[in-house]
Amino acid sequence: MLIQYCDACSVRVDEDECVQVGDQTYCKACAATRAPKRANTSGLRTATKTNTVPPSAAVRHTPGSGLRQVVPSSARSAPQRSGTSQAHTAARGGSGSSARNPAASESNRLIILALLGAGVLLAGAGAVLLFSSRGNKETKKVETPGVESKEQPKKSAELKPVDQTKPAQQKKESAEAVPLPKASIGTEMEDIREGSAQRELDRLKDFEKRGNANPFELRRRYEKFVASQGSTKAGKEAAERLKSLEQLAARPPDNVAKATAGVSATMYEADDDDLTLSTISLTNRQLVKSAVVPTVDFPNKDSIRNAFGRTDKFVLEFTGCFDVTRDGTYTFYLNSDDGSVMFIGDTLFIANEGKHPMKEESSSIPLKPGKHNFRVLLWQRDGDVGVSLSWSGPELDKQTLPQNVLFHPDK
């Protein structure tokens, strides 16, 4: 089949549809408008099949020459057979319809430019509407002395996209924004300290209420409490109480006419469930055994059994005196299981009462050189038992009272 192109509209025309007008080839539509008006249209010459060429070839028509050139299929490329006007223009070596109709081409270009300009204008108008709707015209007053306040539009806040990839961080920031309770950690710690100081002061007051409490030890305990808790309410209260306590001089020695080395020890029956040694009377107690021992140092049940032959349900009394060679403040330590007490002279000096395992209590007193009478009581109900008396003082480390300072009065 012979394939040609219309010289007016560049549309591909089959051989049975093309119309030859002079030396131009047109499609039927273009031929109807370009053919000379004649009464008889027989002059329109239609291409016949006598000009057919093989299907594998195409005809290239050169306008104005009336010549048609057969182009083999091997010389044609795929775009040239696409049937578009651009392919036809390339095959014919011309510039297509734009070359034949420059007015139409210019009109199309102007239309495209107008459409592009309208699109840009619409986009700009949409952006303006978007931002104007988002930004409320908030105003703030600028006050200047002597000048009327003017309202100025407040710039809308810059829109920032929400980061959806960090929900954990957003939750953390929200938690940090929660206001803390009024009671801070520092206030809570201060309340705890005040409560602890008040409880310690209450125990000190209980010690003071004992009628035979050691006045030296009482003053020492108040001084120690004020030094450590002076900034608390309880510490300030203790400081006022300390001012009223008499500043006692060092305890003078007792009048011991004659004494022998060692300590008197006496064991009594005591089948009591509970005892208060500071007020106990031993007058009507059944005597178990009495002896003179070198020191008050019986740290366990075996040492008690070996010395007295008994390990439960008893009260053991030690009496004697200790010799002080130089004046100064001395501290005594009483360690026992179960309860125990110590008197210096007739004054209760250490109270370690109750049923308990080995536990140590201590007290201090300023002493003048000489012999000072003392008395120690130990109560044992059952189970483990033990008692030990130690001291420390000027140039004297803590140690069990040695034999060379312990004596008991001669009867």
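Cut-offs applied
Residues numbered from 1 in each chain as written. Predicted model: local features only at pLDDT ≥ 70, side-chain atom pairs only at ≥ 80, totals over all residues. Heavy atoms only, no water. Helix = DSSP H or I, 4+ residues; strand = E, 2+ residues; numbered from the N terminus. Buried < 20%, exposed > 50% of the residue type's maximum accessible area, 1.4 Å probe, protein only. Contact = heavy atoms within 4.5 Å. Areas by Shrake-Rupley, 256 points an atom, 1.4 Å probe, with all protein chains shown as cover. Salt bridge = Lys/Arg side-chain N within 4 Å of Asp/Glu carboxyl O. Polar contact = N/O pair within 3.5 Å; in protein donor to acceptor, adjacent residues only side chain to side chain. pLDDT = per-residue confidence, 0-100. Axes fitted to C-alpha atoms, helices over the stretch in contact; angles between N-to-C directions. Parallel < 35°, antiparallel > 145°, perpendicular 65-115°, else oblique. Nonpolar A, V, L, I, M, F, W, Y, C, P; charged D, E, K, R; others polar.

### Quick notes on the overall build of the protein
Across its full length, the protein carries nine helices and 22 strands. Relative to its 411 residues, the protein shows a buried fraction of 31%. Of the contacts formed within the protein by residues at least 6 apart in sequence, a portion of 63% connects residues at least 24 apart. Counting only carbon and sulfur atoms, one obtains 52% of the accessible surface of the protein, whose full area is about 26000 Å².

### Things to note about the pattern of salt bridges
Tallied over the full model, the rule gives 14 salt bridges. Two residues, Asp 272 and Arg 285, come together in a salt bridge whose shortest N-O distance is 2.8 Å. Of the two residues, Asp 272 sits in the loop between strand 11 (263-269) and strand 12 (287-293) while Arg 285 sits in the loop between strand 11 and strand 12, which places them 13 residues apart along the sequence. Residue Arg 285 is classed as partly exposed on the basis of its relative accessible area, which comes to 23%. Within this structure, Asp 271, Asp 273, Lys 313 and Arg 381 form a network of salt bridges that share partners.

### A look at the environment of Glu 269
Mapped onto the elements of the fold, Glu 269 is located in strand 11. Assessed through its relative accessible area of 30%, Glu 269 is described here as partly exposed. Through-space distance from the C-alpha of Glu 269 to that of Asn 284 is 9.8 Å; in sequence the pair is 15 residues apart. Every residue in contact with Glu 269, bar those within four places of it in the chain, is listed here: Arg 285, Gln 286, Val 288, Arg 310, Lys 313 and Phe 314. Side chain to side chain, Glu 269 and Arg 310 meet in a polar contact 2.7 Å long.

### Considerations on unusual backbone geometry
With an omega dihedral of 5 degrees, the bond running from Asp 337 to Asp 338 counts as a cis peptide bond. Inspection of the secondary structure assignment puts Asp 338 in the loop between strand 15 (328-337) and strand 16 (340-344). In this structure, Glu 395 takes a positive phi of about 55 degrees despite not being glycine. Structurally, Glu 395 is set in the loop between strand 20 (386-393) and strand 21 (396-400).

### Considering the confidence of the model for the protein
Per-residue confidence for the protein gives a mean pLDDT of 76, with 68% of residues at or over 70. In the model, residues 37-59 has pLDDT below 50 throughout and makes 38 contacts with residues more than four positions away in sequence or in other chains. Every residue in residues 61-99 is under pLDDT 50, and counting partners more than four places away or in other chains gives 57 contacts.

### Looking at the packing of helix 6 (residues 185-209) against helix 7 (residues 215-229)
Running from N to C, helix 6 and helix 7 cross one another at 170 degrees; their axes reach a closest spacing of 11 Å. Here helix 6 is positioned roughly antiparallel relative to helix 7, judged by the angle of their axes. From helix 6, Arg 193, Ala 197, Glu 200, Leu 201, Leu 204, Lys 205, Phe 207 and Glu 208 reach across to helix 7, where they touch Glu 217, Leu 218, Arg 221, Tyr 222, Phe 225, Ser 228 and Gln 229. The class makeup of the residues in the contact of helix 6 with helix 7 is seven nonpolar, two polar and six charged.

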